[in-house]
Amino acid sequence: MDLLGLVGHPVGHSMSKVMHEAVFRKLGVSASYELFDVESGGLKSFIEGAREGFTGLNVTIPHKVSVIDFIDELSEVAELIGAVNTVKFEDGRAFGFNTDGIGFVESLRHEGVGVCGKNVLILGAGGAARAITFQSILEGAFVSLSNREEEKQMAVDLASEACGKTGGSVLVVDMDLESLKSHLAGVDILVNATPLGMHPRTEVSVIDAGIIPEGVVVVDIVYNPVETKLLREAGARGLKTVSGVGMLVHQGAEAERIWLGIEPPLETMYKAVLTALDVRK
Ligand code: NAP
């Protein structure tokens, strides 16, 4: 039996167990997936203990960066992003990956949207924005970043790091209405990578959907609720929208490929997450 799980703090809200166990049932894979609530001080001994016996782990907040200290080898993408969300153990060694960026790109591909050659504007400059920025550049997108005024430095730092590491060019856009409006004229894909709109504060949105031009694909990586205020308003205007459930499912699917070498049934994963979210409402 393959032992898998999620390590983070807190982990009670996670959809990962439901999503992965649905795949194991569907494919008859002999594996278990448990949630491990581990505070920062306990991470080292947890990872050391998991080396023998566990096939792999997902890693979430607040350990995605600090877990790197306990990893033997990083994938090229995890190295670029500077964070790990998936660990595979083999012969006592720990290999670190980051599947968040791939999850984002694949969730768009799933909806018939490619990122290569597209102008992608990411709102937010935290952990998820980092993964999306690096993966989008690797896929040939042109990325711009916007973070709220008081912490704009985070976007500037991420942009300069991404330019330095990839040779791509990343623009930083002020998050005021006029700057966003004029920049949006050249944008193909708009991404909310902030927590705004997330349960329980579902009546807020990082941007007024009314200023988004026709033809822009609007992505919200928040997945609870599945349809955020931003997506609801963009959809009502006839814009194509993609929910964060896709990124969640596709990062998990990539993790299963890494751990188990299987091709997971994506529709089973979507269904499991959507059902669990609906039940939790
Ligand atoms: P994070 O590292 O804390 O970053 C959050 C970003 O949002 C920061 O840039 C922050 O700006 C910005 N922000 C926070 N509050 C804001 C506000 N009131 N107005 C404007 N900007 C604000 O979080 P994260 O890990 O990147 O996650 C962000 C969201 O994505 C969360 O809701 C998370 O659940 C979701 N997520 C979804 C998936 C998925 O698979 N669908 C994967 C990862 C994350 P400051 O620097 O100014 O604070």
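To be clear, the structure that these remarks concern was listed above.
Residues numbered from 1 in each chain as written. Predicted model: local features only at pLDDT ≥ 70, side-chain atom pairs only at ≥ 80, totals over all residues. Heavy atoms only, no water.

> Just give me the short version of the site of the ligand, but keep the residues and values in it.
Contacts to the ligand come from 21 residues, most closely from A125, G127, A128, R148 and I221. G126 places a polar main-chain atom, nitrogen or oxygen, 3.3 Å from an oxygen atom of the ligand. One of the backbone nitrogen or oxygen atoms of I221 is found 2.8 Å away from a nitrogen atom of the ligand. A total of 920 Å² of accessible area belongs to the ligand in isolation, and the protein chains cover 75% of it. The set of elements that each furnish at least two residues to the shell around the ligand consists of helix 5 (127-138) and helix 9 (244-260). Looking at which element gives the most residues to the shell around the ligand, the answer is helix 9, with three residues. Tallied by class, residues from the shell around the ligand come to 13 nonpolar, six polar and two charged. Both domains that furnish three or more residues to the shell around the ligand are identified here as domain 1 (2-98 + 246-279) and domain 2 (114-239). (Near = heavy atom within 4 Å. Polar contact = N/O pair within 3.5 Å; in protein donor to acceptor, adjacent residues only side chain to side chain. Areas by Shrake-Rupley, 256 points an atom, 1.4 Å probe, with all protein chains shown as cover. Helix = DSSP H or I, 4+ residues; strand = E, 2+ residues; numbered from the N terminus. Nonpolar A, V, L, I, M, F, W, Y, C, P; charged D, E, K, R; others polar. Domains from an automatic or database assignment.)

> Can you lay out the pattern of salt bridges for me, pointing to particular residues and giving the numbers?
Throughout the structure, instances matching the rule amount to 15 salt bridges. Here E254 makes a salt bridge to R257, at a shortest N to O gap of 2.7 Å. Here the residue E254 and the residue R257 both occupy positions in helix 9, the gap between them amounting to three residues, near one helical turn. Through salt bridges with shared partners, a single network forms among K17, E21 and E34. (Salt bridge = Lys/Arg side-chain N within 4 Å of Asp/Glu carboxyl O.)

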